[in-house]
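What follows is each chain in one-letter form.
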Amino acid sequence: VQRFANIRQQENKRMNSQVEKVLQMALIDKRDFSLKFTEVNLHEVIQAAVENITLRVEKREGMVKPSLLATKSIIEGDHTHVANVINNLLDNAEKYSPDKPEISISTRDVSNGVEVTVQDNGIGISKEARKQIFDKFYRVPTGNLHDVKGFGLGLSYVKAMMTAHKGSVEVKSEPGKGSSFILTFPYQVEA
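Every chain is numbered on its own, with residues counted from 1 as its sequence reads. It should be noted that, the model being predicted, local features are given only for residues of pLDDT at least 70 and side-chain atom pairs only at 80 or more, the latter also being counted only at that level, while totals for whole chains, interfaces and linings use all residues. Values reported for side chains reflect all heavy atoms of the structure, with hydrogen atoms and water molecules removed beforehand.

Some words on the overall build of the chain
Put simply, the test is: Where helices and strands are cited, they refer to DSSP runs of H or I of at least four residues and of E of at least two residues respectively, numbered from the N terminus. Note on exposure labels: buried denotes an accessible area under 20% of the residue type's maximum, exposed denotes more than 50%, and partly exposed covers the range between, all computed with a 1.4 Å probe on protein chains only. Residues are treated as being in contact if the distance between any of their heavy atoms lies within 4.5 Å. Residue-level accessible areas treat just the shown protein chains as cover; the underlying method is Shrake-Rupley with a 1.4 Å probe.
Each helix and strand in the chain was counted, giving five helices and seven strands. Across the chain, helices and strands are ordered from the amino to the carboxyl terminus as α-β-α-β-β-α-β-β-α-α-β-β. The buried share of the chain, taken over its 191 residues, is 43%. For the chain, restricting intrachain contacts to residue pairs at least 6 apart in sequence, the fraction spanning at least 24 positions comes to 71%. If you sum the accessible surface of the chain, you get close to 11300 Å²; carbon and sulfur atoms cover 50% of it.

Structural notes on the pairing of strand S6 (residues 168–173)
Let me state the cut-off plainly: Strands are labelled as partners when DSSP assigns at least two bridges between them.
Here S6 shows one buried face, formed by Val169, Val171 and Ser173, and one open face, formed by Ser168, Glu170 and Lys172. Summarising the sheet, S6 and strand S7 (residues 179–186) pair through six bridges and their orientation is antiparallel. Bridge pairing in S7 places Ser173 opposite Ser179. Counting the residues between successive antiparallel strands, the hairpin from S6 to S7 contains five residues, one of them, Gly176, with a positive phi of roughly 80°.

A short note on the packing of helix H3 (residues 79–95) against helix H5 (residues 154–164)
Put simply, the test is: In this analysis, axes come from line fits to C-alpha atoms, helices being fitted only over the stretch in contact, and the angle between any two N-to-C directions falls in the range 0 to 180 degrees. Here a crossing is taken to be left-handed if its near helix is turned anticlockwise relative to the far helix by less than a right angle, and right-handed if that turn runs clockwise. Under the scheme applied here, ten amino acids are nonpolar (Ala, Val, Leu, Ile, Met, Phe, Trp, Tyr, Cys and Pro), four are charged (Asp, Glu, Lys and Arg), and all others, including Gly, are polar.
Here H3 crosses H5 at 145°, and the two axes come no closer than 10 Å. Remark: the crossing between H3 and H5 carries left-handed chirality. Between H3 and H5, the contacting residues are His81, Asn84, Val85, Asn88, Leu89 and Asn92 on the first element and Gly154, Leu155, Tyr157, Val158, Met161 and Met162 on the second. Its residues assigned to classes, the contact of H3 with H5 comprises seven nonpolar, five polar and no charged.

Focus: the packing of aromatic side chains
Here is the rule we go by: We call Phe, Tyr and Trp rings a pair once their centres come within 6.5 Å, taking the six-membered ring for Trp, and we label the pair stacked below 30 degrees between planes, edge-to-face above 60, and tilted otherwise. In this analysis the charged atom, NZ for Lys or CZ for Arg, is taken to sit over a ring once it is within 6 Å of the ring centre and within 35 degrees of the ring normal.
The final tally for this structure, using the stated rule, is one aromatic pair. Both rings, one in Phe134 and one in Phe181, keep their centres 6.5 Å apart while their planes meet at 90°; by these two values the pair is edge-to-face. Linking Phe134 in the loop between helix H4 (127–130) and H5 with Phe181 in strand S7, this pair joins segments that are 47 residues apart in sequence. Under the relative-accessibility criterion, Phe134 is labelled buried at 19%. Lying over the aromatic face of Phe134, Lys159 brings its terminal NZ or CZ to 6.0 Å of the ring centre.

Focus: the pattern of salt bridges
Note the following rule: By definition here, a salt bridge exists when the distance from a side-chain nitrogen of Lys or Arg to a carboxyl oxygen of Asp or Glu is within 4 Å.
Applying the stated criterion across every chain yields a total of six salt bridges. As a salt-bridge pair, Arg108 and Glu115 come within 2.7 Å of each other at their nearest N and O atoms. For Glu115, a relative accessible area of 14% puts it in the buried group. For Lys177, the salt bridge is made with Glu174, and the minimal N-O distance between the two is 3.8 Å. Judged by relative accessible area, Lys177 falls into the exposed class, the value being 62%.

This is the structure:
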């Protein structure tokens, strides 16, 4: 009974999260959202996100390795949405990695901002799929990984939020060789 209660609770959380993403995407589509810009310490956000996902990754005998090298980690941003973006990419790295996920998340200084890279040893993404992964509802075909759940909203949300923060997101990936998602956050979001 306890096991099924836990499963039900997890599924309820997941469904609430998906409904929230659908509503957020509807607002983003209508350009009807406002961000609350404050000082955000990217390193603190990343450390919290790493703590959140470490248990799941360790259950699969994997590891998450942070390498926070940016000398200035404070940016102007909406804390909630910046955290959602980081958590989303770490979730994907875990979901799309087979046994023993190896995930790294790193920061480095770039001109006028901070670059964050989330890298995994997962199934990778084909050239054709890379052209569409930021489209709403697009999901990368996962072959025999039928347990990967979702509606294909995560990366379109990531793209929309990075645009709203005047930053960028790019992906480097090859099938069977894992993926790297590279976010660039400017120190300041100019009006």
